[in-house]
Amino acid sequence: MNPIVEFCISNIVNGSQKTFETLEKDPNLDVLEYGCLSYCTKCAESFYAIVNGEIVEADTPDELTERIYQFIEDNPLF
């Protein structure tokens, strides 16, 4: 079972596209895109994704990518 990383389409459009594209290429992740994840305030204020049900956020797309991989490493599924 792969870690699941979920993105809001609005956050992708607002700048997290680079993170989305990077993670989507990783065969060890299941990357999903939704119309809305109902975190509108976070979406407007920062870059974020939901990783295995937990919010991971950052100030830049590169930092978001790093934080997502770090979260996955620190919180293995098994």
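As shown above, the structure is provided for reference.
Because the structure is a prediction, the values reported are computed rather than measured. (Residues numbered from 1 in each chain as written. Predicted model: local features only at pLDDT ≥ 70, side-chain atom pairs only at ≥ 80, totals over all residues. Heavy atoms only, no water.)

> So what about the pattern of salt bridges? Which residues, and what values?
For the structure shown, the criterion picks out three salt bridges. Where Glu-57 meets Lys-42, a salt bridge forms, and the shortest distance between an N and an O atom there is 3.1 Å. Note that Glu-57 is positioned in strand β4 (residues 54–58) and Lys-42 in helix α2 (residues 40–45), a separation of 15 residues in sequence. Residue class for Lys-42 comes out partly exposed when judged on its relative accessible area of 27%. (Salt bridge = Lys/Arg side-chain N within 4 Å of Asp/Glu carboxyl O. Helix = DSSP H or I, 4+ residues; strand = E, 2+ residues; numbered from the N terminus. Buried < 20%, exposed > 50% of the residue type's maximum accessible area, 1.4 Å probe, protein only.)

> Describe the sheet that holds strand β2 (residues 30–34), listing the residues and the values that go with them.
Pairing within the open sheet is mixed, and its four strands lie in the order β2-β1-β3-β4. Strand pairing shows two members of the sheet lacking a second neighbour, β2 and β4, which therefore form its edges. Each neighbouring strand pair of the sheet contributes to a mean axis angle of 30°, computed without reference to strand direction. When strand β3 (residues 47–51) meets β4, the two strands line up antiparallel, connected through five bridges. Across the sheet, Val-51 pairs through a bridge with Glu-54, a residue of β4. Relative to the sheet, helix α1 (residues 9–24) contacts β1 (4–8), β2 and β3, its axis offset from that of β1 by approximately 150°. Across the sheet, helix α3 (residues 61–74) is in contact with β1, β3 and β4; its angle to β4 comes to roughly 145°. (Pairing = 2+ DSSP bridges. Axes fitted to C-alpha atoms, helices over the stretch in contact; angles between N-to-C directions. Contact = heavy atoms within 4.5 Å.)

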